[in-house]
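Tertiary structure, described
Listed below are the residues making up each chain.
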Amino acid sequence: MTNPLYDTLFGQHDQSSAVFLHLPGGKTLSYADFLGMAAQYAGYLTQIGLTPGDRVAVQIEKSPQALAVYAACAQAGLVFLPLNTAYTAEEVAYFVENSGAGVVLCDDRKHSDLVPIARRCGARLETLNGDGSGSFAQHSEPLPQTFETVTRSEDDLAAFLYTSGTTGRSKGAMLSQGNLLSNARTLTNAWQFTPADILLHALPIFHTHGLFVATNITLLAGGQMIFLPKFDLDQMIKEMPRATTMMGVPTFYTRLLGDARFTKELTAHMRLFVSGSAPLLAETHVQFEDRTGHRILERYGMTETNMNTSNPYDGERRAGTVGFPLPGVELKITDSQTGATLPQGDIGEIEVRGPNVFKGYWQMPEKTAEELRSDGFFITGDLGQIDADGYLSIVGRSKDLIISGGYNIYPKEIELLLDEQEGVLESAVIGVPHADFGESVLGVLVAMPGAAPDLDQITAKLSKSLARFKQPRKLVILPELPRNTMGKVQKKALREQFATTGW
Ligand code: MCA
Ligand code: AMP
């Protein structure tokens, strides 16, 4: 095998006229046509001088073309670096600079903002729009629909996914071909995916869930995807009858349950519903079963590790738990201070080891060493407890993290910006309960003596720097922040204070 990731996920289909994607408007795209487009992209990326290991940063709308860039990177041995389409130019600048990307692909709307950034970073800027148009597509179009796959090994890097950090600086998680492949194989088996599966795909494809979980499994199994540009309740309900499986964040499930058209009849033919990326309330699990007769299969993963645990396909899917370690994944609950393994039933830090665990953070050896032990165990920052039957529950987080609608938001990044604003002495950002997104962002400010910070002006300023989903939904001013005797801000006390305010 010359290139394990490409050959296993993509190359196996290169002569296949079977449908890969169902697209809006009733169009379909076959595996062979998809791979022909990917080969043209691989040809162009190589023609412009990229060589194996170079990074390709991509901030484009969800489309077959966007997925073909992923395939092209695998085929040409390049590192695929997808970015949230909601990121501002300021945020993108950091990723391009930090990764040293050789090429940046964006859509027409972002182009003028990214020109100076690409120039400063010495990256080539090309456009690729959601409808498939753009300079990248134009330049690739005349090239052959075949490309000689570049030889790679399982240890070679396939993707960087940036994850924010508790220090406020994003870190590029380096994922190898072997990381992605091992998880794809494990999950395809665990969840019994076959060529007969049609996955209803409404997740974004710049994160692990929509890209490596949903897409890699479908590719490996040779199935099909109903590829929706985003979650849209009407579309989900319209397309459900054609699907066999669906994957989503908890917000997908609560939104579906909130619609009277989502009935037992609509889902009777479905084989599997998977949830992850954020905690699924046990109450949602129960309501879903009452309404549809299906028990949602909840699993647990991270950008750095892909999927770690899953409820069983056969056997009891236990509400409020994330199931058992997947085959090949070792999991232990440890004391956060000493690292010692705790007795079964105790609450502690979740640590995982296996072929799924990433290779470290790009050019951040110290950060890597803090989280990835020398024996290969990764310290997840999640707090867990294993019950007598071996089911893992996630009971909290040791890391300061907010998960809103499945997107991770690190308070520190927002606090650093708030602290710079006029009249602000200090700030604390917390997650407060939100009926739709699970959690949403609240910014608590303390004013400088005699100052009266202008909250509207601060909100407007943040919108230039931060993606919309990270922006506080509300800012409040307190006379002081609660602190413990060591002077550390007590976020738990703040969360309790604002828990019932209903944002
Ligand atoms: C959109 N908005 C959000 C979010 N999404 N605000 C906070 N949190 C969000 N997640 C903003 C919009 O910009 C808009 O701003 C307003 O909220 C309302 O947007 P709405 O139309 O309701 O949102 P939407 O477009 O329907 O999106 C909601 C969504 C989406 C469907 C839940 O966020 C989504 O697809 N989330 C999935 C994220 C995901 O794939 N996570 C996996 C990470 P305005 O107020 O200006 O109108 S991978 C991972 O976590 C690990 C590895 C794992 O285990 O999977
Ligand atoms: P990310 O950094 O986007 O990869 O997010 C990973 C984090 O999402 C994990 O560390 C958990 O805190 C959270 N997460 C993922 N799946 C679940 C789940 N099923 N239940 C609770 N939290 C989850």
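Quick note: structure is the one above.
The structure reproduced in this document is the subject of the present report. Please read these numbers as outputs of a predicted model, since none were measured by experiment. (Residues numbered from 1 in each chain as written. Chains lettered and ligands numbered in written order. Predicted model: local features only at pLDDT ≥ 70, side-chain atom pairs only at ≥ 80, totals over all residues. Heavy atoms only, no water.)

1. Quick look at the overall build of the chain
- A tally of regular secondary structure across the chain gives 16 helices and 24 strands.
- Taking 503 residues into account, the globule formula puts the C-alpha radius of gyration at 23 Å, and the chain, at 23 Å, falls close to it.
- With respect to the principal axes defined by its C-alpha atoms, the chain has extents near 65 × 55 × 50 Å.
- The buried share of the chain, reckoned over its 503 residues, is 57%.
- Once local pairs closer than 6 in sequence are excluded, the contacts in the chain between residues at least 24 apart make up 66%.
- For the chain, the computed accessible surface area is about 20,400 Å², with 51% contributed by carbon and sulfur atoms.
- Considering the chain, the positive charge centre built from 43 side chains and the negative charge centre built from 56 side chains are found 2 Å apart. (Helix = DSSP H or I, 4+ residues; strand = E, 2+ residues; numbered from the N terminus. Rg over C-alpha atoms; globule rule 2.2 N^0.38 Å. Buried < 20%, exposed > 50% of the residue type's maximum accessible area, 1.4 Å probe, protein only. Contact = heavy atoms within 4.5 Å. Areas by Shrake-Rupley, 256 points an atom, 1.4 Å probe, with all protein chains shown as cover. Lys, Arg positive; Asp, Glu negative; His and termini not counted. Charge placed at Lys NZ, Arg CZ, Asp CG, Glu CD.)

2. Some details on the pairing of strand β18 (residues 378-386)
- Two strands pair when backbone bridges link them, and strand β17 (residues 348-353) and β18 are joined in this way by four bridges, in the antiparallel orientation. Each residue of the ladder has a partner; that of glutamate 349, found in β18, is leucine 383.
- Note: β18 against strand β19 (residues 392-397), five bridges, orientation antiparallel. Bridged to aspartate 382 within β19 is arginine 397. (Pairing = 2+ DSSP bridges.)

3. Re the side chain of glutamate 91
- Topologically, glutamate 91 is positioned in helix α4 (residues 89-99).
- Here the side chain of glutamate 91 touches alanine 467 through a polar contact of 2.9 Å, landing on its backbone nitrogen.
- Once you skip the residues sitting within four places of it in the chain, glutamate 91 turns out to touch Ala86, Glu413, Ser465, Leu466, Ala467 and Lys470. (Polar contact = N/O pair within 3.5 Å; in protein donor to acceptor, adjacent residues only side chain to side chain.)

4. Structural notes on the site of ligand 2
- Ligand 2 sits among 16 residues. The nearest are Arg299, Thr303, Asp382, Lys399 and Asn408.
- Serine 277 places a main-chain nitrogen or oxygen 3.1 Å from a nitrogen atom of ligand 2.
- Here threonine 303 contributes a backbone N or O atom positioned 2.5 Å from an oxygen atom of ligand 2.
- Against a free-state accessible area of 500 Å², the protein chains account for coverage of 92% of ligand 2.
- Put simply, the parts of the chain that give the shell around ligand 2 at least two residues each are β13 (297-302) and β19.
- Its residues placed into classes, the shell around ligand 2 shows seven nonpolar, four polar and five charged. (Near = heavy atom within 4 Å. Nonpolar A, V, L, I, M, F, W, Y, C, P; charged D, E, K, R; others polar.)

5. What to know about the nonpolar core
- Formed by 110 residues in total, the largest nonpolar core has its most connected members in Phe10, Phe34, Val69, Trp191, Met246 and Met247.
- When residues no more than four places from it in sequence are discounted, the contact partners of phenylalanine 10 are Leu5, Phe34, Leu35, Tyr70, Ala71, Ala74 and Leu219.
- Counting residues in each nonpolar core, the second largest holds 36 residues, with Ile117, Ala123, Trp362 and Leu462 among its members. (Core = buried A, V, L, I, M, F, W, Y, C linked by side-chain atoms within 4.5 Å.)

6. A short note on the packing of aromatic side chains
- Inspection of the entire model under this criterion finds 25 aromatic pairs.
- An angle of 75° between the planes, with centres 5.7 Å apart, marks the rings of tyrosine 94 and phenylalanine 95 as edge-to-face.
- Look at tyrosine 94 and tyrosine 162: their rings are 6.4 Å apart centre to centre, the planes differ by 85°, and that puts the pair in the edge-to-face class. In this pair, tyrosine 94 sits in helix α4 while tyrosine 162 sits in strand β7 (residues 157-163), placing the two residues 68 residues apart along the sequence.
- The class of tyrosine 94 is partly exposed, set by a relative accessible area of 24%.
- The exposure class assigned to tyrosine 162 is buried, which follows from its relative accessible area of 8%.
- Three or more aromatic residues joined by ring pairs make a cluster, and in this case those are Tyr6, Phe10, Phe20, Tyr31, Phe34, Tyr70, Phe80 and Phe212.
- Over the face of the ring belonging to tyrosine 313 we find arginine 317, whose NZ or CZ atom lies 5.4 Å from the ring centre.
- Above the face of the phenylalanine 377 ring, lysine 332 is positioned so that its terminal group lies 4.0 Å from the ring centre. (Phe/Tyr/Trp six-rings, centres within 6.5 Å; stacked < 30°, edge-to-face > 60°. Lys NZ or Arg CZ within 6 Å of the ring centre and 35° of its normal.)

7. Here we look at α4
- When we look at burial in α4, the residues that qualify are Glu91, Val92, Ala93, Phe95, Val96, Asn98 and Ser99.
- Backbone geometry just downstream of α4 places glycine 100 in the positive-phi region, at approximately 65°.

8. Structural notes on the site of ligand 1
- Lining the immediate environment of ligand 1, one finds 25 residues, of which Arg255, Ser277, Arg299, Ser404 and Arg468 sit closest.
- With respect to ligand 1, the side chain of arginine 468 contributes an N or O atom lying 2.7 Å from an oxygen atom.
- The protein chains hide 76% of the 1,000 Å² of surface that ligand 1 would expose on its own.
- At the level of elements, α8 (208-221), α10 (250-257) and β13 are the ones that each hand at least two residues to the shell around ligand 1.

9. What to know about the packing of α10 against helix α12 (residues 282-292)
- Close contact between α10 and α12 brings their axes to 11 Å; oriented N to C, the two are set at 45°. Classed by the angle they form, the pair α10 and α12 counts as oblique. Crossing handedness for the pair α10 and α12: left-handed. Touching Tyr253, Thr254, Leu256 and Leu257 of α10 are Thr284, Gln287, Phe288 and Arg291, all from α12.
- The class makeup of the residues in the contact of α10 with α12 is four nonpolar, three polar and one charged. (Axes fitted to C-alpha atoms, helices over the stretch in contact; angles between N-to-C directions. Parallel < 35°, antiparallel > 145°, perpendicular 65-115°, else oblique. Left-handed = near helix turned anticlockwise from the far one by under 90°.)

10. Here we look at the sheet that holds strand β16 (residues 330-334)
- Strand order in the open sheet made by the four strands is β16-β17-β18-β19, with antiparallel pairing throughout. Looking at strand neighbours, the two that pair on one side only are β16 and β19, the edges of this open sheet. Direction aside, the axes of adjacent strands within the sheet are offset by 45° on average.

11. Comments concerning the sheet that holds strand β14 (residues 306-310)
- One open sheet accounts for nine strands, arranged β2-β1-β10-β9-β11-β12-β13-β14-β15; its pairing is mixed. Each edge of the open sheet is held by one strand with a lone partner, namely β2 (28-30) and β15 (324-325).
- Pairing of strand β1 (residues 19-22) with strand β10 (residues 224-227) involves two bridges; the strand directions are parallel. Each bridged residue has a counterpart across the sheet, and for leucine 21 the counterpart in β10 is methionine 225.
- Relative to the sheet, α10 contacts β11 (245-248) and β12 (272-275), its axis offset from that of β11 by approximately 115°.

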